[in-house]
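# Results of the structural survey
These are the residues of each chain, in order.
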Amino acid sequence: MSTDVASPTAAKDSSSLPAGNEPVISIRNLSKDYRDFWGRPKVKALKSLTMEVRKGEVFGLLGPNGSGKTTTMKLLLGLLFPTEGEISILGKPATDVSKNERIGYLPEESYLYRFLNAEETLDFYGRLFRLPADVRKQRTNELLELVKVSHARKRQLKEYSKGMTRRIGLAQALINDPELILLDEPTSGLDPLGNRDMKDLIIKLKEQGKTIVMCSHLLADVQDVCDRIAILYGGELKVMGRVDELVKEQDATQIRSSKLSEAAASEVLDVLKKHGVTDVQIDQPTSSLEELFLRTVQESRERPGRRISV
Ligand SMILES: Nc1ncnc2c1ncn2[C@@H]1O[C@H](COP(=O)(O)OP(=O)(O)OP(=O)(O)O)[C@@H](O)[C@H]1O
């Protein structure tokens, strides 16, 4: 397995950067101590974190509660100052707030104004980025379509469901057409349809050349959309690498075929036994519950009133 167990000095992952592909984010020996009322270090939230995020990739930042993910996001945005270390983001230091005009951020809890409707919300954030009125109008329309809340554009956000609020939060994060998008728990609170939409959106943004960093506890979602991940524990980088490489089982072989007859399966077993392989399992593959759920909803839409047979 090409896993990198990070040490404070060596936290690079296996696939090195191709020449000319400068990292969008470069973090070197980053530490963050939160201090108490008297300025004494209270919590070491990050310890010597070194990592890179490349242009056009979807990067997952994982770890249990309190492992330092949100702290990392806030340091990237320049909302916190590091205790030690350096961050370069879009070629600028993280403390240079001008770079935030090229960044979109979806916080874990969206801070949206409950009494504004969807249109007004996006227009308000567009104004914060000093976008001209015609651009604000065009982006608002495009983004409401993209996140599928066009039908509720005139409704105040206080009437929105959790999933709709998450969608408008994402639209807000995209209003400035950012190059780099930071998403804190993007799929939390979404039903399986909303979840699929959000993942499709993330993939679409990647196809448009955007770089995306996301924190999530929903590992199946991370596996679905992320190219590379880092796992933090207690503020330290423990693992970093390509998702497909990290989850590959090194000491097993998988053969997939169309459905085998009993006779064919038995012959296959004989061949494997001849080669000394005894721990063989031949069974029918299963699809995910997510696939079944989405198929059920799709078929229910197309053929209302019918019971669906699997
Ligand atoms: N403002 C703060 N003051 C003091 N300690 C803090 C502060 N913010 C975070 N911490 C501590 O820093 C550590 C890392 O917190 P952080 O929020 O970055 O973790 P996280 O990985 O995002 O967690 P979660 O998955 O719960 O969101 C935790 O021990 C947390 O208690």
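By the naming in an unreviewed UniProt entry, the protein chain goes by Putative ABC transporter ATP-binding protein YxlF and is assigned to Planctopirus ephydatiae.

### Looking at the packing of helix α2 (residues 118-128) against helix α4 (residues 162-174)
Where α2 contacts α4, the axes come no closer than 9 Å and their chain directions differ by 30°. Considering their axes alone, α2 and α4 lie roughly parallel with respect to each other. Both α2 and α4 take part in a crossing whose hand is right-handed. Between α2 and α4, the residues in contact are A118, T121, L122 and Y125 and I168, A171 and Q172, respectively. Partitioning the contact of α2 with α4 into residue classes produces five nonpolar, two polar and no charged.

### Considering the domain arrangement of the protein chain
Split into domains, the protein chain comes out as domain 1 (23-246) and domain 2 (255-310). Here the C-alpha centroids of domain 1 and domain 2 sit 37 Å apart.

### Focus: the site of the ligand
Near the ligand you find Y34, K42, V43, A45, G63, N65, G66, S67, G68, K69, T70 and T71, and these make up its full shell. For the shell around the ligand, the secondary-structure elements that each account for two or more residues are β2 (41-54) and α1 (69-77). Looking at side-chain class alone, the shell around the ligand contains three nonpolar, seven polar and two charged residues.

Calculation rules
- Residues numbered from 1 in each chain as written.
- Predicted model: local features only at pLDDT ≥ 70, side-chain atom pairs only at ≥ 80, totals over all residues.
- Axes fitted to C-alpha atoms, helices over the stretch in contact; angles between N-to-C directions.
- Helix = DSSP H or I, 4+ residues; strand = E, 2+ residues; numbered from the N terminus.
- Parallel < 35°, antiparallel > 145°, perpendicular 65-115°, else oblique.
- Left-handed = near helix turned anticlockwise from the far one by under 90°.
- Contact = placed C-beta atoms within 7 Å.
- Nonpolar A, V, L, I, M, F, W, Y, C, P; charged D, E, K, R; others polar.
- Domains from an automatic or database assignment.
- Near = placed C-beta within 6 Å.

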